[in-house]
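# Chain and residue survey
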Amino acid sequence: MSRLADALLPRACSSCKTPISSRQTDLLGLCDPCCIGVTLVPPDACPGCGGQVPSTADSPPRRCPRCISRPPTFERLKAVVVYGGTARDLVLRFKHGKAFSLARPFGAMMAAVAARDGLLEGIDLVVPVPAWPARAVARRYSPPARLALEVARMTGLPCDAKVLARVRPPSSAAHTSPRQRYEQVRGAFAVRRPDKVSGHAILLVDDVVTTGATASEVASVLLAAGATRVVVVAAAISLPDEV
Ligand SMILES: [Zn+2]
Ligand SMILES: [Zn+2]
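Residues numbered from 1 in each chain as written. Chains lettered and ligands numbered in written order. Predicted model: local features only at pLDDT ≥ 70, side-chain atom pairs only at ≥ 80, totals over all residues.

### Remarks on the environment of Thr 155
Positionally, Thr 155 belongs in helix H7 (residues 143-155). Sequence separation between Thr 155 and Ala 112 is 43 residues, and the spatial gap between their C-alpha atoms is 8.6 Å. Apart from the residues within four sequence positions on either side, Thr 155 is in contact with Ala 111, Ala 115 and Leu 120. (Helix = DSSP H or I, 4+ residues; strand = E, 2+ residues; numbered from the N terminus. Contact = placed C-beta atoms within 7 Å.)

### Quick look at unusual backbone geometry
Positive phi, close to 70°, is recorded for Lys 17, a residue that is not glycine. Taking the C-beta count within 10 Å as the criterion, Lys 17 has 12 such neighbours and is therefore assigned exposed. (Buried ≥ 20, exposed ≤ 12 C-beta atoms within 10 Å, placed from the backbone.)

### Section: the sheet that holds strand E1 (residues 76-82)
Spatially, four strands are ordered E1-E6-E5-E2 in an open sheet, and the strand pairing comes out parallel. Every other strand in the sheet has two partners, leaving E1 and strand E2 (125-128) as the edge strands with one partner each. Between one strand and the next, the sheet's axes are offset by a mean angle of 20°, whatever the strand orientation. As judged from the eight bridges shared by strand E5 (residues 201-209) and strand E6 (residues 229-237), these two strands associate in the parallel manner. Each bridged residue has a counterpart across the sheet, and for Asp 206 the counterpart in E6 is Ala 234. (Pairing = 2+ DSSP bridges. Axes fitted to C-alpha atoms, helices over the stretch in contact; angles between N-to-C directions.)

### What about helix H10 (residues 213-224)?
Compared with an ideal rise of 1.5 Å per residue, which puts 12 residues at 16 Å, H10 spans 16 Å between its outermost C-alpha atoms and is within 8% of the ideal. Taken as a whole, H10 has its buried residues at Ala 213, Thr 214, Ala 215, Ser 216, Glu 217, Val 218, Ala 219 and Leu 222. A positive phi of about 105° marks Gly 226, the residue just after H10. (Expected span 1.5 Å × (residues − 1).)

### Some thoughts on the confidence of the model for the protein chain
Residues at a pLDDT of 70 or more form 88% of the protein chain, whose mean pLDDT is 86. Mean pLDDT across the elements of the protein chain ranges from a minimum in helix H1 (residues 2-8), with 51, to a maximum in E2, with 98. (pLDDT = per-residue confidence, 0-100.)

### Concerning the pairing of E1
Among the seven residues in E1, seven count as buried, and that is most of the element. Of the strand pairs in this sheet, E1 and E6 are connected by six bridges, and their pairing is parallel. In the sheet register, Val 82 faces E6, and the bridge partner there is Ile 237.

### Considerations on the packing of helix H5 (residues 103-116) against H7
At a minimum axis separation of 8 Å, H5 and H7 run at an interaxial angle of 55°. Considering the angle they form, H5 stands oblique to H7. Crossing handedness for the pair H5 and H7: right-handed. Between H5 and H7, the contacting residues are Ala 103, Arg 104, Phe 106, Gly 107, Ala 108, Met 110, Ala 111 and Ala 115 on the first element and Arg 146, Leu 147, Glu 150, Val 151, Met 154 and Thr 155 on the second. The class makeup of the residues in the contact of H5 with H7 is nine nonpolar, two polar and three charged. (Parallel < 35°, antiparallel > 145°, perpendicular 65-115°, else oblique. Left-handed = near helix turned anticlockwise from the far one by under 90°. Nonpolar A, V, L, I, M, F, W, Y, C, P; charged D, E, K, R; others polar.)

Printed below as a string of structure tokens:
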């Protein structure tokens with residue numbers, strides 16, 4: 001990883017723009033004070049949703065109560081950072097089209113975490129969660145597609161952003177319950193290239209995972225089109241206050 005880190009090191013902190021020395025930063029390109037605001041998702045996070053597992057959970061595999069009562073359609077999910085503090089600011093800037101350059105460090109970390117935790121084994125294709133076209137145009141890029149390209153570049157896996165399409169616009173309603181989120185995304189995605197999906201294991205890439213509803217819906221569409229397995233890697237995860 002150190003060679004990778006050296007290659008990616010920027011000259012200024014990617015959050016506050018303070019000049020930083022080459023050995024002072026992590027893969028997100030943050031200075032030490034900004035690093036303190038970034039929480040990495042621990043390796044023992046729930047393999048189902050990437051969230052926290054209570055210490056009383058059975059082991060292994062330690063899944064959270066939410067995943068036990070309502071298993072997601074994808075096999076596993078891994079996120080890199082917890083959506084909060086400095087990481088929240090970085091992810092929001094990237095998500096809103098204002099920090100194109102963050103695709104590279106986020107993608108590198110996603111590839112590293114996916115490799116570390118065995119998500120890449122047997123994977124045939126990297127596919128991003130598709131953006132609503134008008135939104136991608138307004139933001140000048142689709143954040144999940146940029147991340148998927150970086151993950152593919154780092155892992156050497158093929159990537160295809162045209163396999164899936166978003167066929168219904170995202171809801172603008174804020175503060176929805178997990179149940180409402182699942183209803184909002186139902187039927188929002190379609191497989192455009194079933195020939196690329198059928199019989200293949202897919203690594204699905206997203207920017208931020210909140211309830212897991214979007215990833216779960218996309219995974220079910222891919223599985224219905226014949227995908228053998230779907231695993232998910234995300235830049236950030238928004239953890240519920242209580243598990
Ligand atoms: Zn900083
Ligand atoms: Zn879980």
